[in-house]
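Residues per chain, in single letters:
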Protein chains: 2
Amino acid sequence: MSGERAKLQHLHALKHLALLGAIRFPVRVSSGEFAEVIGLSQQAASGLLLDLFKAGLIRREISSRKQHITITESGAAALALEHADLHRVFEGAGTLEVRGAVTSGLGEGAYYMGQDGYQAQFEKLLGTRPVAGTLNIRLQGAELAKRQVLENAKGMEVSGFTDGGRTFGGAKLFRCVIEGVEGAVVMPLRTHHRDTLEVISRKHLRRALKLEDGAKVRVRVQL
Amino acid sequence: MSGERAKLQHLHALKHLALLGAIRFPVRVSSGEFAEVIGLSQQAASGLLLDLFKAGLIRREISSRKQHITITESGAAALALEHADLHRVFEGAGTLEVRGAVTSGLGEGAYYMGQDGYQAQFEKLLGTRPVAGTLNIRLQGAELAKRQVLENAKGMEVSGFTDGGRTFGGAKLFRCVIEGVEGAVVMPLRTHHRDTLEVISRKHLRRALKLEDGAKVRVRVQL
DNA sequence: ATTACTAATCATCGAGTAG
DNA sequence: TCTACTCGATGATTAGTAA
């Protein structure tokens, strides 16, 4: 029931689950109901849901009655990729709008971004020297999927380096506009913060935009 | 090679052709090249392109050498529908941004829209009485596909009527914002102008926005 | 009610090859 | 070279049915 050819159907099924709301909250659907939605038999729909589960694209809470389905992060990412493709087709070269809430980092951002090894590269790539420190934006739900689009996209490359025995990893940079202010999204190649977006800028964003923790912001990222 | 199940593959193939630019201009691709793009054999790709052609989704100019492919209006519409679905998933309840150029109608707009049978309904649905007359916007290329999305969408219904032996057809209404001004898109149920969008508003748009023929405008339509 | 197994059916794919 | 046919293999879909 799985294979290379089924990927399209997986995406199609995910799309319909997403339209039912399964990205944001668990959705109660029987295999029979779902079968009608995607135009297959109950048996095929059941198998399809099994496939999606095995592929890690959905979560199921299944009782003897109907089942509750949620789309996983990797499922949402697959959909977001598809969305990005179609967006490119219709809206021209891509920008991606991500929404999230300002959050406090651990203060480590300033230390890392302040390193000359990074600053020199930023200046070369962006034309200006950003202030040391990053504005951290916490992403939730469907917005998380957009971050994955960035992970898959090619950005401006920032190389890693070592300084005084300490190693500093590589990163990718995407130009962005955050609440009308130009800046750049920094995506470390290795990070544990898969739910936050780090933004640097020539201005001190938190001060310039008067942002407090929890403030909602929009970031338009250029791909 | 055709059937109900192949629709997904058709869409997938159309997407890749669109990414190659085939919505806007003819693209030169051999079946072998296309095979690599979509991950199939040359034979399957050839059959797929035949399918798309038979289904009226693409146009082909085929010589003994490679072929030139363009996506048809109905092909673009299929993609736009898919895009609208995914847009709804990620950006919440739908708005659709359409771009086009201001064009002169035949002056008939003012006559039709001025009819009391229409004006009364507009006032009820929109809360205000729009000025008699419509701003016509000519659509091209990928934007045409978006109009088809509107044709398939449910809008506010305006009924037809007769007055003095003359019949006036029904229409659909979508709220919209055009260059920052609130208005509504009028979609006559029967029209020959499949490439123009008609916008009404409480203000005289052409005057208020200082629009001359050919001016590019953006319309954000609420679905 | 449900989910999901098995067997039979049928569509789709790739290889070979003709035009 | 290219497109696109036929055919055998593969794999997905359905019906019947168990749990």
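None of these values were measured; they are calculated from a predicted model.

Enquirer: Could you give an account of the overall build of chain A, with specific residues and numbers?
Expert: Within chain A one finds 8 helices and 12 strands. Going through the 223 residues of chain A one by one, you find that 47% of them count as buried. Sequence-distant contacts in chain A: of pairs separated by 6 or more residues, those separated by 24 or more amount to 63%. Working note: accessible area of chain A is about 11600 Å², and carbon and sulfur atoms make up 50% of it.

Enquirer: Now, about the packing of aromatic side chains: what can you tell me, with residues and values included?
Expert: This structure, assessed with the given rule, holds 14 aromatic pairs over all chains. Pairing Tyr112 of chain A with Phe168 of chain A gives two aromatic rings, centres 5.9 Å apart and planes at 80°, and the pair type is edge-to-face. Highlighted residues: Tyr112 of chain A in helix α5 (residues 108-114) and Phe168 of chain A in strand β8 (residues 166-168), separated in sequence by 56 residues. On the basis of an interplanar angle of 10° and a centroid distance of 6.1 Å, the ring pair of Tyr118 of chain B and Phe122 of chain B is categorised as stacked. One end of the pair, Tyr118 of chain B, and the other, Phe122 of chain B, are both in helix α6 (residues 116-126), 4 residues apart, so they sit about a helical turn from each other. The same class applies to Tyr118 of chain B as to Phe122 of chain B, namely buried. A connected cluster of aromatic rings, assembled from ring pairs, spans Tyr111, Tyr112, Tyr118, Phe122, Phe161 and Phe168 of chain A.

Enquirer: Before we move on, can you summarise the packing of helix α2 (residues 31-38) of chain A against helix α3 (residues 42-54) of chain A with the specific residues and values?
Expert: Residues and elements named next belong to chain A. At their nearest, the axes of α2 and α3 sit 8 Å apart, and the two run at 100° to each other. With respect to each other, α2 and α3 are oriented roughly perpendicular. Between α2 and α3, the residues in contact are Ser31, Gly32, Phe34, Ala35 and Ile38 and Gln42, Ala45, Ser46, Leu48 and Leu49, respectively. Here the residues of the contact of α2 with α3 are counted per class, giving 6 nonpolar, 4 polar and no charged.

Enquirer: Kindly report on the relation of the copies chain A and chain B, identifying the contributing residues and their values.
Expert: Screw-axis analysis of chain A against chain B gives a translation of 0.0 Å along the axis, an RMSD of 0.2 Å, and a rotation angle of 180°. Here the copies are linked by what is in effect a two-fold axis. Interface overlap between copies: 100% of the residues of chain A at the interface are likewise at the interface in chain B, consistent with a symmetric, same-surface contact.

Enquirer: Explain the interface of chain A and chain B to me, and be specific about the residues and the numbers.
Expert: Facing 26 residues of chain A, the contacting portion of chain B comprises 26 residues. Counting every contact that joins chain A to chain B gives 4 salt bridges. Between Glu82 of chain B and Lys15 of chain A there is a salt bridge, with its nearest N and O atoms 3.2 Å apart. Taken together, the links from chain A to chain B amount to 4 residue pairs in polar contact (both at pLDDT 80 or more). Listed by contribution, the elements that provide at least two residues to the side of chain A that touches chain B are α1 (7-19), α4 (73-91) and α7 (142-152) of chain A. Here the side of chain A that touches chain B takes 12 residues from α4 of chain A, the largest share from any one element. Its residues placed into classes, the side of chain A that touches chain B shows 12 nonpolar, 4 polar and 10 charged.

Enquirer: I'd love a proper account of the nonpolar core, names of residues and values included.
Expert: The tendency in soluble globular proteins is for nonpolar side chains to be buried side by side. Core analysis: the biggest nonpolar cluster contains 101 residues, and Leu17, Ile71 and Val185 of chain A together with Leu17, Ile71 and Val185 of chain B have the highest contact counts within it. Each residue touching Ile71 of chain B, except ones within four places of it in the same chain, is listed here: Leu14, Leu17, Ala18, Ala22, Ile23, Leu57, Ile58, Arg59, Ala76 and Leu79 of chain B.

Enquirer: With reference to specific residues and values, describe the side chain of Thr70 of chain A.
Expert: Counting through the fold element by element, Thr70 of chain A comes out in strand β3 (residues 67-71). With residues up to four places along the chain from it excluded, the contact list for Thr70 of chain A reads Ala22, Phe25, Pro26, Leu57, Ile58 and Arg59 of chain A.

Enquirer: Kindly report on the side chain of Asn136 of chain B, identifying the contributing residues and their values.
Expert: All names here are of chain B. For Asn136, the position within the fold is in strand β5 (residues 135-138). Within the structure, the side chain of Asn136 is placed 3.0 Å from the side chain of Thr134, a separation counted as a polar contact. Not counting the four nearest positions on each side in its chain, Asn136 is found in contact with Ala101, Val102, Thr103, Ser104, Gly105, Leu197 and Glu198.

Enquirer: Explain the layout of surface pockets residue by residue, including any values.
Expert: All names here are of chain A. One number sums up the size of the largest pocket: a volume of about 940 Å³. Contributions of two or more residues to the lining of the largest pocket are made by α5, α6 (116-126), β5 (135-138), β8, β10 (181-188), β11 (196-200) and α8 (205-208). The residue makeup of the lining of the largest pocket, split by class, is 18 nonpolar, 17 polar and 6 charged.

Enquirer: How would you summarise the sheet that holds β3 of chain A if you had to cite specific residues and measurements?
Expert: All names here are of chain A. Judged by pairing direction, the sheet is antiparallel, and its 3 strands sit side by side in the order β1-β3-β2 without closing on themselves. On the outer flanks of this sheet lie β1 (27-29) and β2 (58-62), each paired with one strand and no other. Direction aside, neighbouring strands of the sheet carry axes that sit 35° apart on average. Along the sheet, α1 contacts β1, β2 and β3; its crossing angle with β3, the most-contacted strand, is approximately 105°. Lying over the sheet, α3 contacts β2 and β3, oriented at roughly 120° with respect to β2.

Enquirer: Explain helix α2 (residues 31-38) of chain B to me, using residue names and the numbers behind them.
Expert: Residue and element names in this part refer to chain B. Of the positions making up α2, those classed as buried are Ser31, Phe34, Ala35 and Ile38. In an axial view of α2, the angular spread of the buried residues amounts to 110°, which keeps them on one side of the axis. Where α2 is buried, its residues contact α1 (7-19), β1 (27-29), α3 (42-54) and β3 (67-71). Directly after α2, the chain includes Gly39, whose backbone phi takes a positive value near 75°.

Enquirer: Tell me about the sheet that holds β1 of chain B, residues and numbers included.
Expert: Residues and elements named next belong to chain B. The sheet built from 3 strands is open, its strands ordered β1-β3-β2 with antiparallel pairing. Each edge of the sheet is formed by a strand with only one pairing partner; in this case those strands are β1 and β2 (58-62). The mean angle between the axes of side-by-side strands here comes to 35°, regardless of whether they run parallel or antiparallel. As paired strands, β1 and β3 are joined by 3 bridges and run antiparallel to one another. Bridge pairing links Arg28 to His68 in β3.

Calculation notes
Residues numbered from 1 in each chain as written. Chains lettered and ligands numbered in written order. Predicted model: local features only at pLDDT ≥ 70, side-chain atom pairs only at ≥ 80, totals over all residues. Heavy atoms only, no water. Helix = DSSP H or I, 4+ residues; strand = E, 2+ residues; numbered from the N terminus. Buried < 20%, exposed > 50% of the residue type's maximum accessible area, 1.4 Å probe, protein only. Contact = heavy atoms within 4.5 Å. Areas by Shrake-Rupley, 256 points an atom, 1.4 Å probe, with all protein chains shown as cover. Phe/Tyr/Trp six-rings, centres within 6.5 Å; stacked < 30°, edge-to-face > 60°. Axes fitted to C-alpha atoms, helices over the stretch in contact; angles between N-to-C directions. Parallel < 35°, antiparallel > 145°, perpendicular 65-115°, else oblique. Nonpolar A, V, L, I, M, F, W, Y, C, P; charged D, E, K, R; others polar. Least-squares fit on C-alpha atoms with pLDDT ≥ 70 in both. Salt bridge = Lys/Arg side-chain N within 4 Å of Asp/Glu carboxyl O. Polar contact = N/O pair within 3.5 Å; in protein donor to acceptor, adjacent residues only side chain to side chain. Core = buried A, V, L, I, M, F, W, Y, C linked by side-chain atoms within 4.5 Å. 1 Å grid on protein atoms, 1.4 Å probe; cavity = no way out; pocket = protein on both sides within 12 Å on 5 of 7 lines; lining within 4 Å. Points joined across faces, edges and corners; volume = space filled by probe spheres on them. Pairing = 2+ DSSP bridges. Arc of directions from axis to C-beta.

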